[in-house]
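# What the coordinates show
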Number of protein chains: 4
Amino acid sequence: MPSQLIDRQTNGVFIISATPFTETGAVDDASTDRLVDFYLEHGVTGMTILGIMGEANKLTAEEATGFAARVLKRVGGRIPVVVGVSAAGLDNLASLAHFAMDAGAAGVMVAPSPGPAVEDRVRGYFHQVCAALGPDVPVCLQDFPQTTGVPISAATILTLTRDCPQIVMLKHEDCPGLAKISAVRAGSGTADTPRLSILCGNGGLYLPQELARGADGAMTGFAFPEMLVEVVRAHQAGDPDRAEDVFDAYLPILRYEQQPGYGLAVRKAVLHHRGAIACPRTRAPGPKLSPTDEAELLRLIARTEKKVKEL
Amino acid sequence: MPSQLIDRQTNGVFIISATPFTETGAVDDASTDRLVDFYLEHGVTGMTILGIMGEANKLTAEEATGFAARVLKRVGGRIPVVVGVSAAGLDNLASLAHFAMDAGAAGVMVAPSPGPAVEDRVRGYFHQVCAALGPDVPVCLQDFPQTTGVPISAATILTLTRDCPQIVMLKHEDCPGLAKISAVRAGSGTADTPRLSILCGNGGLYLPQELARGADGAMTGFAFPEMLVEVVRAHQAGDPDRAEDVFDAYLPILRYEQQPGYGLAVRKAVLHHRGAIACPRTRAPGPKLSPTDEAELLRLIARTEKKVKEL
Amino acid sequence: MPSQLIDRQTNGVFIISATPFTETGAVDDASTDRLVDFYLEHGVTGMTILGIMGEANKLTAEEATGFAARVLKRVGGRIPVVVGVSAAGLDNLASLAHFAMDAGAAGVMVAPSPGPAVEDRVRGYFHQVCAALGPDVPVCLQDFPQTTGVPISAATILTLTRDCPQIVMLKHEDCPGLAKISAVRAGSGTADTPRLSILCGNGGLYLPQELARGADGAMTGFAFPEMLVEVVRAHQAGDPDRAEDVFDAYLPILRYEQQPGYGLAVRKAVLHHRGAIACPRTRAPGPKLSPTDEAELLRLIARTEKKVKEL
Amino acid sequence: MPSQLIDRQTNGVFIISATPFTETGAVDDASTDRLVDFYLEHGVTGMTILGIMGEANKLTAEEATGFAARVLKRVGGRIPVVVGVSAAGLDNLASLAHFAMDAGAAGVMVAPSPGPAVEDRVRGYFHQVCAALGPDVPVCLQDFPQTTGVPISAATILTLTRDCPQIVMLKHEDCPGLAKISAVRAGSGTADTPRLSILCGNGGLYLPQELARGADGAMTGFAFPEMLVEVVRAHQAGDPDRAEDVFDAYLPILRYEQQPGYGLAVRKAVLHHRGAIACPRTRAPGPKLSPTDEAELLRLIARTEKKVKEL
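- Under an unreviewed UniProt entry, the name given to chain A is 4-hydroxy-tetrahydrodipicolinate synthase, and the organism recorded is Consotaella salsifontis.
- As recorded by UniProt, the Sequence similarities (unreviewed entry) comment attached to chain A reads in full: "Belongs to the DapA family."

Below is the structure:
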């Protein structure tokens, strides 16, 4: 299938996909297909797999490549798919990246390696990554210091996108991070620095503000992707009030999903509730909802659906 | 003035107070009085001063005691006031605590000291704290691992409130932390463990859920205290839908205030906008709003006010 | 080959093995054999493979099992071999563990999973691990908070070894950690808690003191294993002065190896210098010696050899 | 008394002073004088007070200024004294700095403020610090990421010393940090960057190597300052073997003192044992030696003294 690469103009909603498991813990192929269909039916313009939300670090290498191949086949080139390839060693990182690109991925996502948060180390790491990938693999730089423990300044991001032409996209999830979006947007697309695509994570918690500051869309796993899609559409259509009204209707459940470490279980429960996957379980050791959590979530879902109807 | 101590039944809304400064950076006495009045007019049932939000660690000892004395005098015993006394050394902690209690405080708030997050160390520390304070000073245990770096299990909290009778209140701001509220509520008020008052922080981001799980109210600094008051009132009146409707109307600006490290500048800007303090500045090095931030905030305030009218 | 399992009485020196790579970055089979021989010739009484020092997280699953199988075959049952199996997911952890035990390993080493450092979570994790392994796999609990970010109290270690009979050994590398050794030694081998074998890591930096406090030996990767062996032997023979004299002779280079994050490159350089492996490289991204580092190291090696001769 | 300011050529041994307390926990004036004399008698060429080792954060403001004034008076201008002034707020920082300089200090020591480890934030902070201090106060930049949580690259240090002429000295305690000394030494004293004085901390654990790489001396609190003095003297006299022989004789106790969080109790115990202070206690919550610890330490002291005689 012809691959559609991410580039510096890429925008829209790249949904971050969960990895569905069966009751016995195996990767669930049927649910994988159904989940891809669910995302496509709700209008996403891209997809990201094997991220933190995808429990990538709990898969075997075979499961990871198998899952990537199945998703890419089901998508069939209709939308670009980014594959998370962060790994402790560069060899494993490059190997998965090359597999994914050969299978039709649109690019790969890489976070800084753990270690001291000094700029020269981080810059050096991304130069090593790009050399290991080769120049033809587009890279989305994942800036998620709450999880990686490695904050990066806007200046370093701009230097990297200038020095490594294949770093074409920023997955922004620093928090607080609104000023960083303004800085990266102002500092790229200039005489000396090429434009950088910016897609925002953090569950979309600040999406309307991020779009207003120049972000190109969202890359996150909110289990109501139609909200992300409509917010970005309304914003692009010049209707920020509509964008924010839609956003606000979903915010109570969005902020509930956004609980660190625990949100994945919520997302899978919502996807399960909406029929997108057959089983909500995460791999051990992973979060799990108690009956109290489930009742709380059902109440939030019901309230959300009611509000959305009133929009 | 007769002091009204916090106890194991305390509930309601303890607003966490900012510390207002003048344009030249001095503690602003006139704004202190005005801010106390503002909080009282909006219906809070308690107040907490010299917390992290109060920039306590940037005050001199004289400024801290001066501010505490002025607040306590202005409050005049109408509501209980808790004073944050966390300090690197126990001598300084106890000295501020005794000053505050003598001046009419209702109790003191203490977070675990920095260090390895092992339960015996944390338990030992609170025993030392209680010994240094003497048995007559009620303690609110501040559980805020995102900032202290020291997570505490529900079991340790229960052990501490059992072993140290003066630890009567939990300021809960662990995140994710809903299951912890359920566990502490279920495990206290039992045959062997006395009831523990639980007030919730984190800007109130999960307040309706927290109340439903047995929290007694809020202890946080949201700059629209009337929301916290009405949510707790509606919940106590058995109207959780009303509680959640009110909460949802404010959630967009609440989640904006909740940005770690930066939220204080937002809160002070809102308090300034609402006329509660004369100057929004924080002490250096501290966060500051850019013109873009300010425009963004004004838009959120306007949207919030509109939604609130429609309630 | 008949496997020799670790148990609660195990003592001596379990050397932590490096994983040798060729100049092109492949696992070096010939050097693997040579390294096993080197360790055996220097008198170690056990071996630990696929730990942090073994760059386990940079191997593919096939490389990991291949390396384990080769080491176990070369060792041929002469000494017990512990295999590090820590992994983000329990399935991968158990799968490697069962492979290793089937191939003749003496036990597995497991560190706490990343996450909040609260005792109930850590205890729960080890219960999950033991259930996933089955009761016949002896476990060495790795307590290395500087790297895992999860400190554990002596009380939790004792509870775990009591509740999970297969947790028979502690790899101790907390720092400061001498008081913890005293506490674990005093609290195990009692009426209600079975004895726990304690082997010490941290490069051996406090080995004489650790032995004096009741540790059973060392589990670390110091590139002069003969020192560890002689120190433990002299201690067991009742000659602590000899133990400390030998230790002190090596201490300058030991403390040089002990630099966090960088020590692995030093160890591999020393092993290469001593002829134990053909190539000192680590997998990218990994530490590398500069010419200045190498000259510095050669000077330390020369001084060490001179001092050792004078013993 | 005429003050002797630190500058870009400053070298030698700046001992970091403990703050002695009486049995009842007050600052011990008599021991303060005795300790100053002890340090001077052992040949130090400078002193640093109110650092982390000085328990500065457990003193009241009055105690801190009182201690600084007493030390400066006792020193009487014979050696330069640097005063640690790190504080959460710039006002408190500047206020203590100006007090100290007026009382005859040679400069102040400042660590980066807590927060995200991004270079522009750290650079901005030091610009704010220098503005608050005024250009006449020489600054020693304390680079101690293990404690501050804020690593700084060599490039940022060089930029800062170039842009802020009053930053004349680096207290180096990054670890691993040898390559950083080489980088800072090579990058300062060049056409565009003025020379930077480098004094090394970390208890002196790598002092011979640090001197060989161009460090100007030590700034640390090892309780046998005569070792630091003799090592630096021998190095400056062109006798690195002598430097290293002396160093090695003390290394067993040095590495014992260097246990993070606990070393302060060891240092005070040694200073007490050597008659330099009347009471070894630290302020609560602080480390304390058990009888086992004390016996262990006495054995190490005895072995050290024996080895030193054999030099």
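## Digging into the overall build of chain A
- Across its full length, chain A carries twelve helices and eight strands.
- Relative to the globule expectation of 19 Å for 311 residues, the C-alpha radius of gyration of chain A, 18 Å, shows essentially globular dimensions.
- Principal-axis analysis of the C-alpha atoms gives chain A an extent of 50 × 45 × 40 Å.
- Split into buried and exposed, the 311 residues of chain A put 61% on the buried side.
- Within chain A, counting contacts between residues at least 6 apart in sequence, those at least 24 apart form 74% of the total.
- Put simply, chain A shows about 10600 Å² of open surface, and 55% of that area lies on carbon and sulfur atoms.

## Some details on the sheet that holds strand E8 (residues 217–220) of chain C
All names here are of chain C.
- Here we have eight strands rolled up into a closed barrel, ordered E1-E2-E3-E4-E5-E6-E7-E8, and parallel in their pairing. With strand direction ignored, the average angle separating the axes of adjacent strands in the sheet is 25 degrees.
- In the sheet, strand E1 (residues 12–16) pairs with E8 via four bridges, with the strands oriented parallel. Bridge assignment links Gly-12 to a residue of E8, and that residue is Gly-217.
- Packed onto the sheet, helix H3 (residues 90–102) meets strand E3 (81–84) and strand E4 (107–110) and runs at close to 155 degrees relative to E4.

## Details of the interface of chain D and chain C
- Across the contact, 30 residues belong to chain D and 30 residues belong to chain C.
- Buried surface at the junction of chain D and chain C, summed over both partners, amounts to about 2500 Å²; 47% is from carbon and sulfur atoms.
- When the buried surface of chain D facing chain C is broken down by residue, D:Arg213, D:Arg255 and D:Arg303 rank first, second and third, together holding 23% of it.
- Connecting chain D to chain C are 18 salt bridges.
- With a shortest N-O distance of 3.2 Å, C:Asp241 and D:Arg299 are connected by a salt bridge.
- Taken together, the connections running from chain D to chain C amount to 21 residue pairs in polar contact (both at pLDDT 80 or more).
- Breaking the side of chain D that touches chain C down by element, the ones donating at least two residues are helix H8 (207–212), helix H10 (240–257) and helix H12 (291–309) of chain D.
- In terms of residue count, the dominant contributor to the side of chain D that touches chain C is H10(D) (ten residues).
- Among the residues forming the side of chain D that touches chain C, the class breakdown is 14 nonpolar, five polar and eleven charged.

## What to know about the relation of the copies chain D and chain C
- By a simple turn and slide, chain D fits onto chain C: the slide is 0.0 Å along the axis, the RMSD is 0.0 Å, and the turn is 180 degrees. These values place the two chain copies in the arrangement generated by a two-fold rotation axis. Looking at the rotation axis and the C-alpha trace of chain D, the residue lying nearest is D:Leu251, at 3.7 Å.
- By residue overlap, the copies meet face to face through one surface: 100% of the interface positions of chain D are interface positions in chain C.

## A few points about the packing of helix H1 (residues 29–41) of chain A against helix H2 (residues 61–75) of chain A
Residues and elements named next belong to chain A.
- Put simply, H1 and H2 touch, their axes get as near as 10 Å, and they point 40 degrees apart. With respect to H2, the element H1 is oriented oblique. Taken as a pair, H1 and H2 cross one another with a handedness that is right-handed. Judged by residue contacts, Asp-29, Thr-32, Asp-33, Val-36 and Asp-37 of H1 engage Phe-67, Arg-70, Val-71, Arg-74 and Val-75 from H2.
- When grouped by side-chain class, the residues that make up the contact of H1 with H2 number four nonpolar, one polar and five charged.

## Re the sheet that holds strand E6 (residues 167–172) of chain A
Residues and elements named next belong to chain A.
- Here eight strands make up a closed barrel; going around it, the order is E1-E2-E3-E4-E5-E6-E7-E8 and the pairing parallel. Between one strand and the next, the sheet's axes are offset by a mean angle of 25 degrees, whatever the strand orientation.
- Here E6 runs beside strand E7 (residues 197–200); their pairing, made up of four bridges, is parallel. The partner of Lys-171 across the bridge, within E7, is Leu-199.
- Packed onto the sheet, helix H3 (residues 90–102) meets strand E3 (81–84) and strand E4 (107–110) and runs at close to 155 degrees relative to E4.

## Quick word on unusual backbone geometry
- Following C:Cys175, the chain continues to C:Pro176 via a peptide bond in cis, the omega torsion being 5 degrees.
- Tracing the backbone through its elements, the reader meets C:Pro176 in the loop between strand E6 (167–172) and helix H7 (178–187).
- One non-glycine residue with positive phi stands out, namely C:Asn202, at about 55 degrees.
- Non-glycine residue D:Leu50 carries a positive phi angle of around 60 degrees.
- Mapped onto the elements, D:Leu50 comes out in the loop between strand E2 (46–49) and helix H2 (61–75).
- Exposure remark for D:Leu50: the relative accessible area of 4% places this residue in the buried category.

## Describing the relation of the copies chain A and chain B
- By a simple turn and slide, chain A fits onto chain B: the slide is 0.0 Å along the axis, the RMSD is 0.0 Å, and the turn is 180 degrees.
- A symmetric contact is evident, with 100% of the interface residues of chain A recurring at the interface of chain B.

## Comments concerning the nonpolar core
- By size, the foremost hydrophobic cluster in this structure holds 431 residues, and its most contacted members are A:Met47, B:Met47, C:Met47 and D:Met47.
- When neighbours within four sequence positions are excluded, A:Met47 is seen to be in contact with A:Phe14, A:Ile15, A:Ser17, A:Val36, A:Tyr39, A:Val71, A:Val75, A:Ile79, A:Pro80, A:Val81 and A:Val82.

## Considerations on H10(D)
- Taking 1.5 Å per residue, 18 residues should reach 26 Å; H10(D) reaches 24 Å between its end C-alpha atoms and fits that length.
- Within H10(D), 14 of the 18 residues are buried, leaving the element largely enclosed by the surrounding structure.

## So, the pattern of salt bridges
- Counting across every chain of the model gives 109 salt bridges over all chains.
- When the shortest N-O distance is used, the salt bridge between B:Asp29 and B:Arg70 registers 3.7 Å. Separated by 41 residues along the polypeptide, B:Asp29 in helix H1 (residues 29–41) and B:Arg70 in helix H2 (residues 61–75) bring together distant segments of the chain.
- Here the salt bridges share partners, and the residues they tie into one network are A:Asp241, A:Glu244, A:Asp245, A:Asp248, B:Arg299, B:Arg303 and B:Lys307.

## A word on the confidence of the model for chain A
- This prediction gives chain A a mean pLDDT of 96; 99% of its residues lie at or above 70.
- The complex prediction reports pTM at 0.97, with the ipTM value standing at 0.97.

## Examining the packing of aromatic side chains
All names here are of chain A.
- Scanning all chains against the criterion turns up 20 aromatic pairs over all chains.
- When the ring of Tyr-125 is compared with that of Phe-126, the centres are 5.7 Å apart and the planes differ by 75 degrees; the resulting orientation is edge-to-face.
- A relative accessible area of 4% places Tyr-125 in the buried class.
- Judged by its relative accessible area of 0%, Phe-126 is buried.
- An aromatic cluster is present here, built from Phe-222, Phe-224 and Tyr-250 joined pairwise through their rings.

Calculation criteria
- Residues numbered from 1 in each chain as written.
- Chains lettered and ligands numbered in written order.
- Predicted model: local features only at pLDDT ≥ 70, side-chain atom pairs only at ≥ 80, totals over all residues.
- Heavy atoms only, no water.
- UniProt positions renumbered as here; feature names shortened; annotations may be inferred.
- Helix = DSSP H or I, 4+ residues; strand = E, 2+ residues; numbered from the N terminus.
- Rg over C-alpha atoms; globule rule 2.2 N^0.38 Å.
- Buried < 20%, exposed > 50% of the residue type's maximum accessible area, 1.4 Å probe, protein only.
- Contact = heavy atoms within 4.5 Å.
- Areas by Shrake-Rupley, 256 points an atom, 1.4 Å probe, with all protein chains shown as cover.
- Pairing = 2+ DSSP bridges.
- Axes fitted to C-alpha atoms, helices over the stretch in contact; angles between N-to-C directions.
- Buried area = accessible area lost by both parts, 1.4 Å probe.
- Salt bridge = Lys/Arg side-chain N within 4 Å of Asp/Glu carboxyl O.
- Polar contact = N/O pair within 3.5 Å; in protein donor to acceptor, adjacent residues only side chain to side chain.
- Nonpolar A, V, L, I, M, F, W, Y, C, P; charged D, E, K, R; others polar.
- Least-squares fit on C-alpha atoms with pLDDT ≥ 70 in both.
- Parallel < 35°, antiparallel > 145°, perpendicular 65-115°, else oblique.
- Left-handed = near helix turned anticlockwise from the far one by under 90°.
- Core = buried A, V, L, I, M, F, W, Y, C linked by side-chain atoms within 4.5 Å.
- Expected span 1.5 Å × (residues − 1).
- pLDDT = per-residue confidence, 0-100.
- Phe/Tyr/Trp six-rings, centres within 6.5 Å; stacked < 30°, edge-to-face > 60°.

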